[in-house]
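Spelled out from the first residue to the last, the chains are:
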Amino acid sequence: MEHPLKVFNSLSRKKEDFIPINPPFAGMYVCGPTVYGDPHLGHARPAITFDIVFRYLQHLGYKVRYIRNITDVGHLENDADEGEDKIAKKALLEQLEPMEVAQYYTNRYHKYMDMLNVLNPSIEPHASGHIPEQIELVQTLLEKGMAYESEGSVYFDVEKYNKTNQYGILSGRNIEEMYSNTRELDGQSDKRNSFDFAIWKNATPSHIMRWKSPWGDGFPGWHLECSAMGAKYLGETFDIHGGGMDLLFPHHESEIAQSVAANGKPPVKYWLHNNMITINGQKMGKSLGNFITLEEFINGSHKLLEQAYSPMTIRFFILQAHYRGTVDFSNQALQASGKAYERLMKAFARLDAIVPAEVSDFNVADLEKDCYDAMNDDFNTPMVIARLFDAVKFINAVADKQTTMSESQKLGLQKIQKNFVQEILGVKPEVQIDSSDSSLGNDLMKLIIELRLKMRQEKNFAMSDFIRDELKKAGIELKDTKEGTDWSKTN
Ligand code: ZN
């Protein structure tokens, strides 16, 4: 197999890196969500970015093992070693088990990823399900002298690691800068240096998520899970590691340090990072009032939104930008994307009905080649979309009888539709939302059932039966029980 695919590897900071992945197998690890809040735009972008990588590698014929983890323990509030565990904090607030919080938001995440047509990864490991693997990695790092124990916690010794390796290789930071930036913060800490990071944290008596370890009751440091689970499922060195740019430091930098210190070799060949999302030019943040969840986007309920936006509009909008560029969400931009998406879907829907005739001078083979070249050029989805719109113009011109299309041109365009629109970009016609899922549908059914009850109380059985029979024709069945009336869909 040839390897035409070039990527921007964050480690080498070059776009010219080829992907010499040994066919047929490609291993990919992407940092998944910390499941303590409702999925929002910040979740949609990395999920869609690496869905494209997953889809394209499979399209090229690779057997891809795609790991996307669920962080359900160890991610503290300040992304380092301080503050409460994000999930435990939410659990205390809501009086739930931490695993109830994690399960609830994992389910919500899956629901919205399905709506965005993001494929499921091959394995979705949970941090809390891999505590023995993480303890083993801590032990290895202690044995190698790259970590030290302090008051029940274990810290990675960044200074020592940096003597023989380069801490900062991915982010371009160096340890001298870190000294001058962080020294003054030191004080009560049990670390040797403020930039050392916890790989195992001692649990205070009130900390609810805790496991037994050789160092006492505690929990793993956030960076540790990805090193442990990546190596477990993909081996000590694997092909691609992805995530948002906000994870580059300290999360991914620390992953590299842990793995190199434990195994003596770099864990990843290619690091890919998607850029961030802004809303009306501002960083998204709870304090700025512009923190919009996917649910709010899809039902249009946030005050900044002029309308609801469909999941496919959101997906299409994200794909219209290159994954390494920033994306700014505004009503204007989303409305334009919604229209473009509809134009694309409508044109390809017209293609099937076209009756082939004379060949015209539109070059389908060139278009297909350009689409592959764009994908091979660091997954340039906006370029693919731009070329697809050349096809849209041609299809519409033929459908409007301004020109003609031959049988082979039609077959070529149908192949492009199948490969690029459906399979690689994962853009599909919008599906009708199931009425039993929508709150409007539920409210309407409640109202109808109440009206029918009133009629029965007034002994107007003819009318109450009429309602029941008409609903049945529409595919909705009513069941009268002692507790009241239930409804369900029959098809
Ligand atoms: Zn991670």
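It should be emphasised that the depicted structure is a prediction, and the values quoted were computed from it without experimental measurement.

Engineer: Would you take a moment to explain the domain arrangement of the protein for this structure?
Structural biologist: Where interface size is quoted, it is often the accessible area lost as the parts come together. Under the domain assignment, the protein is made up of domain 1 (17-274), domain 2 (278-424) and domain 3 (439-489). On the side of domain 2, 32 residues touch domain 1, which itself brings 25 residues to the contact. Summed over both sides, the interface between domain 1 and domain 2 buries roughly 2600 Å², with carbon and sulfur atoms accounting for 69% of that surface. Applying the counting criterion to the domain 1 and domain 2 interface returns two salt bridges. One salt bridge connects R315 with D51, and the closest N-O pair in it is separated by 2.8 Å. Inspection of the domain 1/domain 2 interface yields 12 residue pairs in polar contact (both at pLDDT 80 or more). Within the residue set of the side of domain 1 that touches domain 2, elements represented by two or more residues are α1 (41-59), α3 (98-115) and β10 (268-274). When residues of the side of domain 1 that touches domain 2 are assigned to their parent elements, the largest contribution, 12 residues, is made by α1. Considered class by class, the residues forming the side of domain 1 that touches domain 2 number 13 nonpolar, seven polar and five charged.

Engineer: I tried to follow the packing of aromatic side chains on my own but got confused; where do I start?
Structural biologist: In this description, an aromatic ring pair is defined by two values, namely the gap between the centres and the angle between the planes. The final tally for this structure, using the stated rule, is 17 aromatic pairs. Considering the side-chain rings of Y29 and F238, the 6.3 Å spacing of their centres and the 40 degrees angle between planes classify their relative orientation as tilted. Separated by 209 residues along the polypeptide, Y29 in strand β3 (residues 25-30) and F238 in strand β9 (residues 238-244) bring together distant segments of the chain. Ring plane angle 5 degrees and centroid distance 4.3 Å describe the contact between F362 and F394, whose orientation is recorded as stacked. In this pair, F362 is assigned in the loop between α11 (331-351) and α12 (364-376) and F394 in helix α13 (residues 381-399), connecting sequence segments 32 residues apart. Of the two residues examined, F362 and F394, each falls in the buried class. One aromatic cluster in this structure is built from F156, Y161, Y167, F197 and F249.

Engineer: Would you take a moment to explain the packing of α1 against α12 for this structure?
Structural biologist: Between two packed helices, the angle of one axis relative to the other and the distance separating the axes together describe the packing. Where α1 meets α12, the axes come as close as 12 Å, and the angle between the chain directions of the two elements is 125 degrees. Relative to α12, the element α1 is oriented oblique. Considering only the axes of α1 and α12, their crossing is left-handed. Judged by residue contacts, I52, Y56 and H59 of α1 engage Y372, M375 and N376 from α12.

Engineer: Looking at this structure, I do not really get the environment of E82. What am I missing?
Structural biologist: Residue position: E82 is located in the loop between β4 (63-68) and α2 (86-94). You can call E82 partly exposed: its relative accessible area is 44%. Put simply, E82 and A147 are 65 residues apart on the chain and 19 Å apart in space, counted from C-alpha to C-alpha. Discounting chain neighbours no more than four positions away, the residues touching E82 are L76 and E77.

Engineer: Would you take a moment to explain the pairing of strand β2 (residues 14-18) for this structure?
Structural biologist: Note on strand geometry: in a regular strand, side chains alternate between the two faces of the sheet. Alignment of strand β1 (residues 6-9) against β2, held across three bridges, turns out to be antiparallel. Pairing of K6 across the sheet is with F18, part of β2. Hairpin remark: β1 followed by β2, antiparallel, with four residues in the connecting loop; positive phi at R13, about 55 degrees.

Engineer: So what exactly am I meant to see when it comes to the side chain of R452 here?
Structural biologist: Mapping R452 onto the fold places it in helix α15 (residues 439-457). If sequence neighbours within four positions are ignored, R452 has contacts with S464, I467, R468, L478, D480 and T485.

Engineer: Where do I start with the pattern of salt bridges in this structure?
Structural biologist: A pair can form between side chains of opposite charge whenever their charged atoms are brought close. Tallied over the full model, the rule gives 26 salt bridges. Residues R108 and D38 are paired through a salt bridge, measuring 2.8 Å at the closest nitrogen-oxygen approach. Of the two residues, R108 is situated in helix α3 and D38 in the loop between β3 and α1; the sequence distance between them amounts to 70 residues. The class of R108 is buried, set by a relative accessible area of 12%. By relative accessible area, which is 18% here, D38 ends up buried. Taken together, the shared-partner salt bridges connect D38, R108 and E295 into one network.

Engineer: For this particular structure, what's the right way to read the sheet that holds strand β12 (residues 282-283)?
Structural biologist: Hydrogen bonds along the backbone pair up the strands of a sheet, which may run parallel or antiparallel. With respect to topology, three strands assemble into an open sheet ordered β12-β11-β13, the strand pairing being mixed. Across the chains shown, the open sheet's two edge strands, defined by having one partner strand only, are β12 and β13 (327-329). Direction of pairing for strand β11 (residues 277-279) relative to β12: antiparallel, over a ladder of two bridges. The residue bridging I279 from the neighbouring strand is Q282, located in β12.

Engineer: What is the right way to look at the sheet that holds strand β8 (residues 218-220) in this model?
Structural biologist: Strand order in the open sheet formed by four strands is β5-β6-β7-β8, with antiparallel pairing between adjacent strands. Looking at the sheet topology across the chains shown, the edges are occupied by β5 (147-150) and β8. Sheet twist, expressed as the mean angle between neighbouring strand axes with direction ignored, is 20 degrees. Bridge count for strand β6 (residues 153-156) against strand β7 (residues 197-202) is three bridges, and the pairing is antiparallel. For Y155, the partnering residue across the bridge sits in β7 and is A198.

Engineer: Can you walk me through the side chain of H302 in this structure?
Structural biologist: With respect to the element layout, H302 can be found in the loop between α9 (294-299) and α10 (311-319). In this structure the side chain of H302 is engaged in a polar contact, spanning 3.1 Å, whose partner is the backbone nitrogen of L304. Ignoring any residue separated from it by four or fewer positions in sequence, one finds H302 in contact with G289, F291, I292 and E296.

Engineer: Got a minute to help me understand unusual backbone geometry in this structure?
Structural biologist: It is generally the case that most residues other than glycine have a negative phi and that most peptide bonds are trans. Note that the residue after P23, namely P24, is joined by a cis bond; omega there is 5 degrees. Looking at where P24 falls in the secondary structure, it is placed in the loop between β2 and β3. Here the residue pair F249 and P250 is connected by a cis peptide bond, since its omega of 0 degrees sits within 30 degrees of zero. Its place among the elements puts P250 in helix α8 (residues 248-263). Here the phi dihedral of R13 falls at roughly 55 degrees; this positive angle occurs in a residue that is not glycine. Here R13 lies in the loop between β1 and β2. Judged by relative accessible area, which is 43%, R13 ranks as partly exposed. Its identity is not glycine, yet K401 carries a phi of approximately 65 degrees, on the positive side. Looking at the element boundaries, K401 is found in the loop between α13 and α14 (407-424).

Here is what the cut-offs are and how they apply
Residues numbered from 1 in each chain as written. Predicted model: local features only at pLDDT ≥ 70, side-chain atom pairs only at ≥ 80, totals over all residues. Heavy atoms only, no water. Domains from an automatic or database assignment. Contact = heavy atoms within 4.5 Å. Buried area = accessible area lost by both parts, 1.4 Å probe. Salt bridge = Lys/Arg side-chain N within 4 Å of Asp/Glu carboxyl O. Polar contact = N/O pair within 3.5 Å; in protein donor to acceptor, adjacent residues only side chain to side chain. Helix = DSSP H or I, 4+ residues; strand = E, 2+ residues; numbered from the N terminus. Nonpolar A, V, L, I, M, F, W, Y, C, P; charged D, E, K, R; others polar. Phe/Tyr/Trp six-rings, centres within 6.5 Å; stacked < 30°, edge-to-face > 60°. Buried < 20%, exposed > 50% of the residue type's maximum accessible area, 1.4 Å probe, protein only. Axes fitted to C-alpha atoms, helices over the stretch in contact; angles between N-to-C directions. Parallel < 35°, antiparallel > 145°, perpendicular 65-115°, else oblique. Left-handed = near helix turned anticlockwise from the far one by under 90°. Pairing = 2+ DSSP bridges.

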